[in-house]
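Chains, contacts and geometry: an overview
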Amino acid sequence: MTYTARDEWEKHFSAGRGFRQVGERERELLAEHTPSPEGGGRALDVGCGTGEPAAYLASLGYTVDAVDFADSALARAREEHTDVEGVRWLHLDIERDDPAPLHEEGYDLVLMRLMYPFVQDRGSVLHGLGERLRVGGALVVITPVAETTPEERRGIALDEDEIAVLASGWETVERLDADGLAFLVLRGPCHAGTRAVEKRPTTAHALTGALAVVTDGAGRVLLGRSRRGMLELPGGKTSGPEDFAAAAVRELAEETGLVADPADAHVVTMLVDDSHGIPRLTAVVRITAWTGTLTNAEPDKFDRWEFFDLHALACVGDIFVPAALVIDSVWPGVIPDLPPVVSYPLAADRPPVPGEPGEAVRLRQAMAQTVIDGGWAPSEPVRDALRTVPRHGFAPEVNLAAAYDGGDRAVITRRDETGTAISSVSAAWLQADMLESLRLGPGAIVFEAGSGGYNAELIAHAAGPDGRVVSVDIDPWVVRRTRAFLTEAGSGRVTAVEADASLGAPAHLVPRGGFDGSMITYNCWDIAPAWREQLAEGARLVLPLEMGGYTRAIAFERRGEVLHARRFTSCGFVRDQGQQARPAPVVPLLDGALALRFDDGPSADTEGLEEALRGRRHEVATGVTMGANSYFGSLQLYAATTLSGFCRLVAHQDPEEGVTAIARDRDAPAIVGEASMAYLIHVQTKDGDSPQGKEWEWVAHAFGEQGPELAERLVATVRAWDRNIRADDNDQHADPVLTVHPAGTPDDALPAGDVLNKLHCRLVFRWPGRDAVLPGPVERPVADVVAEGV
């Protein structure tokens, strides 16, 4: 009974045949080592067969999901256990089907009884089940062992090496005996930190070789667990005059039984590294199509071959160094902490490689629907892009649920040495909103600053089959990663360029008449002249612009030399790394307990301010209140663009330890005078059992001789905002009329309004209800916040 095909199991159970009954010792061990938590637990019985283990778990107090891929087994289970309550019988192939039917909140116990040896991709399945365990939960594997199993039935048992692999990466492993069966209780993280390891020192003839990168229909990569205790890719050295592609195809067949046509083998990169002091050259051969049945054709060298999810490769244990480097060349970033390598990408054309799990399709549709229901994607081209472009293909280091999170979640793909995010895949709703703001027509050619691949593919898809995107990024690693992912999962209509995006696109890639749209995907303190100059007349530039430290994704329309704002969206992105990058001047106060950030304009004179902060605090209530879930980002932006001397006051200690009422590591809009300062906070004035019963009031706090006057200025600003800008509907707050003019524009050529000067441009704001003012310098604020109770 060593068959693996579903139809064989269907016949087995349809014929009335069964499985070894659950023994008394198994029952005792389950009750003793995995009792149901107080109040009842939830268990998953994988490969439940005719349901005896599931029924026993239900008797222990578990609510059970019992899954099997054989309909005939489930039919018998339902019939034989009609009187058992608390069991849900699910038709599911744990290796291949979308796991959507499984319980979203995970399980206290996962049981794999007499079925683990029948699993093909054991590492992938074990990793996935381990991620479904609740804190304190256990995965129990009950299996025959090779030592006590007749040779003819070896396929249903595990040897000691296989049991060691099964147990690796778990925090605790208990091995017990259940009437000759190994009873394994695995707890804690199911991950073993991935490490690229070497074999013994190699001989010179083994330092040149080819490794094959092969994926299955779910996009998982093929790896073999070798007798050396590490994972390896199929491949080896060339033979005679054989080329690298032919060698990879030959080795694939010899090691795994899979057959590929040499025409489907593409040498895409040559890697050079060092092995024990000897240079090593490895050809990366991408196999785009194959046939055959996966087997272990060289059992003296490998224990088994199986396919692994890309996001699991960061926690699979030891991987042979060349294999790890080859995987990184195809999917940069999925394996951390790799040794140095020199990479020579080759100009080899190869088609995108299809393959994704059914779960990805379901999650992508759900993500798209969430974005659509939120009103962020009203047009059909953008909706279709969200439903079609494989987001997980551009964030392979995270699991599918994280990649397709439909909420306000970005996937961080790169951090600097301080841990600050410097590259990411932005939240889907924000990408959709900015894409809608471009208002692209069919065949549009678009400039993107800040690469990653997914956003560019969304743009290309929305622009149709004749559309094209030029994506520019200053980070070589990001560009390499983008190109790799575009090759794997792209449309062929995106060109990734390594350059400073603040200088625009290379001249030969700029269409005659300019780009039909431009999108900047990182926080910008300034607007680069090239972005306007390379934009077609009447086309739109969408970018996250910092104003006083607060960011809005603004859609600008070009009219000659002037950019006219058409819509605003609150957002946050990673910071610019190019020539426009500008660290905000920061002035520490009170030994670093506080700091003033001057995001626009020079730092103010703070002489005497520390002494004032040690004096009496003056407080003025505004009379302006708000409830839970109230939006006040428009107040921050209004204050930042209408108040001279504007800055942000940042607290680096808890309120009870300092002189302000600002929460630790938060900031507040502020203005500075001569040895004086005032800042704005919201104070809770009403409590309630629910968020709807709570209320806050805006209050100005001030220090120093000019403090009362500065506080009154803040109070007047809040009241003007409440009167002219604020709306009961958070989405209906008034936006300013904003125009952007070249830096050299004289004052008398600007429209009336509040002016914010940048290095390359001058921004003029005209807010509703505010009297027109002559152009003059002004200052800026903080990031969007929402009142407690959200």
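Let me begin by describing the structure that accompanies this report.

Definitions and limits used
- Residues numbered from 1 in each chain as written.
- Predicted model: local features only at pLDDT ≥ 70, side-chain atom pairs only at ≥ 80, totals over all residues.
- Heavy atoms only, no water.
- Buried < 20%, exposed > 50% of the residue type's maximum accessible area, 1.4 Å probe, protein only.
- Helix = DSSP H or I, 4+ residues; strand = E, 2+ residues; numbered from the N terminus.
- Arc of directions from axis to C-beta.
- Contact = heavy atoms within 4.5 Å.
- Polar contact = N/O pair within 3.5 Å; in protein donor to acceptor, adjacent residues only side chain to side chain.
- Salt bridge = Lys/Arg side-chain N within 4 Å of Asp/Glu carboxyl O.
- Pairing = 2+ DSSP bridges.
- Axes fitted to C-alpha atoms, helices over the stretch in contact; angles between N-to-C directions.
- Core = buried A, V, L, I, M, F, W, Y, C linked by side-chain atoms within 4.5 Å.

In this section: helix α6 (residues 160-167). Counting along an α-helix, one turn takes 3.6 residues, and residues three or four places apart therefore face a common direction. What α6 keeps buried is the set E162, I163, L166 and A167. Buried residues of α6, viewed axially, fall in a sector of 135°; they line one side. Each element contacted by the buried residues of α6 is listed here: α5 (122-131), β5 (133-143), β6 (172-178) and β7 (181-187). Put simply, D159 is the residue that caps the front of α6, since its side-chain oxygen is 3.1 Å from the backbone nitrogen of D161. One or two residues past the end of α6 sits G169, with phi positive at roughly 90°.

Under the definition given, this model contains 47 salt bridges. Here E380 ties to R387 by a salt bridge, and the two come within 3.1 Å at their closest N and O atoms. By relative accessible area, E380 is classed as partly exposed at 45%. Owing to a relative accessible area of 26%, R387 belongs among the partly exposed residues under this scheme. For K758, the salt bridge is made with D600, and the minimal N-O distance between the two is 2.8 Å. Remark: D600 occurs in the loop between β28 (594-597) and α16 (609-613) and K758 occurs in the loop between β35 (754-757) and β36 (761-766); sequence separation between them is 158 residues.

Strand order in the open sheet formed by seven strands is β27-β28-β30-β31-β32-β33-β29, with antiparallel pairing between adjacent strands. Lying at the two open borders of the sheet, with one neighbouring strand each, are β27 (586-589) and β29 (618-627). For this sheet, the mean inter-axis angle between neighbouring strands, taken without regard to orientation, is 30°. Here four bridges tie strand β31 (residues 667-673) to strand β32 (residues 676-686), and the two strands are oriented antiparallel to one another. Considered in β32, the bridge of I671 is made with A678. Packing of helix α18 (residues 707-724) onto the sheet brings it into contact with β29, β31, β32 and β33 (695-703), and relative to β29 it is tilted by some 15°.

Our focus in this paragraph is the nonpolar core. V221, L233, L313, W331 and L386 are the most contacted members of the largest nonpolar core, which totals 74 residues. Other than its neighbours up to four places away in sequence, L233 contacts L211, A212, V213, V221, L222, L223, E255, W305, A323, V326 and I327. Counting residues in hydrophobic clusters, the runner-up holds 64 residues, among them A505, M547, L680 and F765.

What follows covers helix α12 (residues 428-438). The buried fraction of α12 is high, at 11 of 11 residues. The set of residues buried in α12 consists of A428, W429, L430, Q431, A432, D433, M434, L435, E436, S437 and L438.

Within the element layout of this structure, R25 appears in helix α2 (residues 24-33). Between the C-alpha atom of R25 and that of A595, which follows or precedes it by 570 residues, the distance is 66 Å. Those residues in contact with R25 that lie beyond four places of it in its chain are D177, A178 and D179.

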